[in-house]
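The lines below spell out each chain.
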Amino acid sequence: MKNYGINDLATGMQFKNLLEDLKSGRDEFYESVLSVVQKEPTSILDYESLLKIKVVFEYRELIKFISNEELKKNLIEFYTEPRIQKISNNELKAPIIRFINLHATEIFSNDDYDIKNETLKLCVTYTKGIQCWNEIINTTDDFLLRSHFDSIFEALKSTKIKVELVKKVLFPLSIRDFDQQIEITMRIEMVFEEEYKKFKEEIILFLDSAEFKAANNIVQIKFMKDVLGYRILGLKGEIFIKERLNAAEEILNKSKGGYQTVTNSEKYAELETICKDFSDKFYFLTYIELFSIYQFMQYESKDVSMLDFVTNIDLGTNHGKYSRGSFFVKFRKCKTQFILNTMYLMGKYKANFWQELIMYAEKVQDFTGISPFLKAHLTLVERLLNEKDYFSGSLSMSLIIERFLREIYLKLTYDVVGIFKEARFTLGDLLRFDLNTSNNKLRLLFSKEELETMDYFLTNNDYGMNMRNNLAHYNINAEDVDITYFSILMHIFIFILVKIDYQGLVFEK
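Residues numbered from 1 in each chain as written. Predicted model: local features only at pLDDT ≥ 70, side-chain atom pairs only at ≥ 80, totals over all residues. Heavy atoms only, no water.

Visitor: Quick one: what's the story with the overall build of the protein chain, residue by residue and with numbers?
Guide: Counting its secondary structure elements, the protein chain contains 29 helices and two strands. The proportion of buried residues among the 509 residues of the protein chain is 50%. Sequence separation of 24 or more characterises 68% of the internal contacts of the protein chain that already satisfy a separation of 6 or more. Looking at the protein chain as shown, the accessible area adds up to about 25,400 Å², and 51% of this sits on carbon and sulfur atoms. (Helix = DSSP H or I, 4+ residues; strand = E, 2+ residues; numbered from the N terminus. Buried < 20%, exposed > 50% of the residue type's maximum accessible area, 1.4 Å probe, protein only. Contact = heavy atoms within 4.5 Å. Areas by Shrake-Rupley, 256 points an atom, 1.4 Å probe, with all protein chains shown as cover.)

Visitor: Report on the nonpolar core, specifying residues and quantitative values.
Guide: Grouped together as the largest cluster of nonpolar side chains are 162 residues, with contacts concentrated most on Phe223, Phe353, Leu357, Phe404, Met454, Phe493 and Ile496. The leading source of residues in this core is helix α28 (residues 483-503), at 13 residues. (Core = buried A, V, L, I, M, F, W, Y, C linked by side-chain atoms within 4.5 Å.)

Visitor: Tell me about the confidence of the model for the protein chain, and name the residues and values.
Guide: Scored by pLDDT, the protein chain has a mean of 85; 87% of the residues are at 70 or more. Contacts of residues 256-263 to residues separated by more than four positions or lying in other chains number 17 contacts, the stretch itself having pLDDT below 50. Confidence over residues 301-317 falls short of pLDDT 50; this stretch has 28 contacts with residues more than four positions distant or in other chains. (pLDDT = per-residue confidence, 0-100.)

Visitor: Give me the lowdown on the packing of helix α23 (residues 374-386) against helix α24 (residues 390-414), citing residues and values where you can.
Guide: Axis separation between α23 and α24 bottoms out at 8 Å; the angle between their running directions is 160°. Relative to α24, α23 is oriented roughly antiparallel. Of the two possible hands of crossing, α23 and α24 adopt the one that is left-handed. Between α23 and α24, the contacting residues are Leu374, His377, Leu378, Leu380, Val381, Leu384 and Leu385 on the first element and Tyr390, Ser392, Gly393, Ser396, Met397, Ile400, Arg403 and Phe404 on the second. Considering only residue class, the contact of α23 with α24 consists of 10 nonpolar, four polar and one charged. (Axes fitted to C-alpha atoms, helices over the stretch in contact; angles between N-to-C directions. Parallel < 35°, antiparallel > 145°, perpendicular 65-115°, else oblique. Left-handed = near helix turned anticlockwise from the far one by under 90°. Nonpolar A, V, L, I, M, F, W, Y, C, P; charged D, E, K, R; others polar.)

Visitor: Which residues make up the packing of aromatic side chains, and what are the values?
Guide: Enumeration according to the criterion identifies 32 aromatic pairs in this entry. A ring pair is formed by Tyr30 and Phe78, whose centres lie 5.7 Å apart and whose planes are at 25°; its orientation type is stacked. Of this pair, Tyr30 sits in helix α2 (residues 26-38) while Phe78 sits in helix α4 (residues 69-79), placing them 48 residues apart in sequence. Of the residues examined, Tyr30 reaches a relative accessible area of 5% and is grouped as buried. Linked through ring pairs, Tyr294, Phe331, Phe338, Phe446, Tyr456, Phe457, Tyr463 and Phe495 together constitute an aromatic cluster. (Phe/Tyr/Trp six-rings, centres within 6.5 Å; stacked < 30°, edge-to-face > 60°.)

Visitor: Go over the pattern of salt bridges with me, naming the residues and quoting the values.
Guide: Across all of its chains, the model carries 25 salt bridges by this definition. The residue Arg83 makes a salt bridge to Glu81 at a minimum N-O spacing of 3.1 Å. Arg146 is the partner of Asp142 in a salt bridge, and the nearest nitrogen-oxygen pair spans 3.7 Å. Highlighted residues: Asp142 and Arg146, both in helix α9 (residues 142-147), separated by four residues, approximately one helical turn. Looking at Asp142, the relative accessible area reads 25%, which means it is partly exposed. Overlapping salt bridges bring together Arg26, Lys73 and Glu77 as one network. (Salt bridge = Lys/Arg side-chain N within 4 Å of Asp/Glu carboxyl O.)

Visitor: Could you give me a rundown of unusual backbone geometry, with the residues and numbers involved?
Guide: For the bond running from Phe171 to Pro172, omega is 0°, close enough to zero to count as cis. Here Pro172 lies in the loop between α11 (159-170) and α12 (178-187). Despite not being glycine, Asn466 shows a phi value in the positive range, around 50°. Mapped onto the fold, Asn466 is located in the loop between α26 (448-458) and α27 (467-472). Look at Tyr474: it is not a glycine, yet its phi comes out positive at around 55°. Take Tyr474: it is sitting in the loop between α27 and α28.

Visitor: Can you break down helix α6 (residues 93-109) residue by residue, with the values?
Guide: With 17 residues, α6 should reach 24 Å at 1.5 Å per residue; the first-to-last C-alpha distance of 22 Å fits that figure. A maximum bend of about 85° is found in α6 at His103. Residues of α6 that are buried make contact with α3 (44-58), α7 (113-125) and α8 (133-139). (Expected span 1.5 Å × (residues − 1). Bend = angle between axes of the 7 residues up to and from the residue.)

Visitor: An account of the state of the cysteines is requested, with residue identities and associated values reported.
Guide: All told, the structure shown has zero disulfides when counted by the stated rule. With no disulfide partner, Cys123 has as its closest neighbouring cysteine sulfur the one in Cys132, 5.9 Å distant. Take Cys123: its relative accessible area is 0%, and that puts it in the buried class. (Disulfide = S-S within 2.5 Å.)

Visitor: Please provide a residue-by-residue account of the environment of Ser88, values included.
Guide: By the secondary structure assignment, Ser88 is in the loop between α5 (82-85) and α6. Considering only alpha carbons, one finds Ser88 and Lys54, 34 residues apart in sequence, at a separation of 9.4 Å.

Visitor: Mind laying out the side chain of Arg468, listing which residues take part and the relevant values?
Guide: Looking at where Arg468 falls in the secondary structure, it is placed in helix α27. With a relative accessible area of 17%, Arg468 lands in the buried category. Discounting residues that sit within four places of it in the chain, Arg468 has contacts with Ser398, Glu402, Leu427, Leu458 and His473.

Visitor: Got a sec to walk through the environment of Asn469? Specific residues and values, please.
Guide: Structurally, the position occupied by Asn469 is in helix α27. Separated by 74 residues in sequence, Asn469 and Leu395 place their C-alpha atoms 9.4 Å apart. Looking at Asn469, its side chain comes within polar contact range of the side chain of Asn466, at 2.8 Å. (Polar contact = N/O pair within 3.5 Å; in protein donor to acceptor, adjacent residues only side chain to side chain.)

Visitor: Which residues make up the packing of α6 against α7, and what values do they have?
Guide: Packing of α6 against α7 brings their axes to within 11 Å, and their N-to-C directions diverge by 135°. In terms of orientation, α6 and α7 fall into the oblique class. Regarding α6 and α7, the two cross each other, and that crossing is left-handed. Together, Ile96, Ile100, Ile107 and Phe108 of α6 and Ile115, Lys116, Thr119, Leu120, Leu122 and Cys123 of α7 make up the contact between the two elements.

Here it is, written out as structure tokens:
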């Protein structure tokens, strides 16, 4: 459904699926393609098929980049078949536009994120033919409109519809989406003064809203500090916010004596500031003295804490230490801390963070001798993060981690590189922490505790977050995937880099 481009791993997988379809029944596949093209779509299922066929024909331009001779031969035969050869990319444009104009409400009310996301991009591309922008704006999820705000705003010609778009993405104000909302507000300040003024008023009113009051103390403080950082409220507004901020910080300070965990990035900020080399910043992000944070997180004290008597962590299963209050509180504290530290590092250095990360990744990549794929994929993730597309960015990051670990496993086990030999190894298999070094070569690099922590975040469906599978199979709402969610995946990736860089003697052997 989506054209990922020549540098994306997903393109290779799509070519592989196309080859399998051609091998399973060439004539049947031809007929199915032609039936989709020749039929006017009348349902979401028809429309989805048309979008997929559109991508198949767009991939015609990528044949020259394919090195696999079997794949290239089969694709050339497919694209040069007389009936297929007559079909142009423009021929698919008209039925797509017609379906969008007739069924916009149905498309954007659909639960399928991919269909909505790709359709929104097509609406911008085919903007001259799109006659239903009102329906699109009224029906589309506000977080999706914010993700594509700049391109939609530029495509719209009607000032009236632009106003509706601005209202949809700015109101109501939300803690989760505040960064995006205020950035949009500052971009439209000179054009839509009335909406800009209303947004500033909404900030003050928001402090008494149910959403703000329901947020925990730390989130409230962060929100108010962010508001003050943008300096848009004027003197009177800033005085009001500072008074509320002081009151919130007093409550936070009083809570330090109890069981509430207070976390911030001040300690890490002091450490990273004195580090001249960025690799040292990455080290302190993932290590506590000589121990990795992931190893420390799995440490289980033999002493029984009062928390074990007064708390009962319900994970849907009776899983030993994760059901113990003292262990889970410590585990959650470490998780919160490294999320804040990762967000701090990305936020402070912005583009320079990505530049240094890619350089460091390439250094580790060269050291291990695996396939040179990291730069292109990390560049894509950087673009997605800049567009605030946290769902796609998180999905791409999880795929990078999966391929990275597979390639490392192949290198350590068979001394081979490449992605096609590794398909039978699932990420869950690679993170088996209960196996010894003979049965899982990743144990030569990672400790049992480190694999266990990565398993908890990436693949554990019993008591963990299962992030990789939830993203890959859309078992999580796109709007629930934010910068904090992404930061977990970024931290895991950086940890793998640091682990290889500082303790990867196995590769020298």
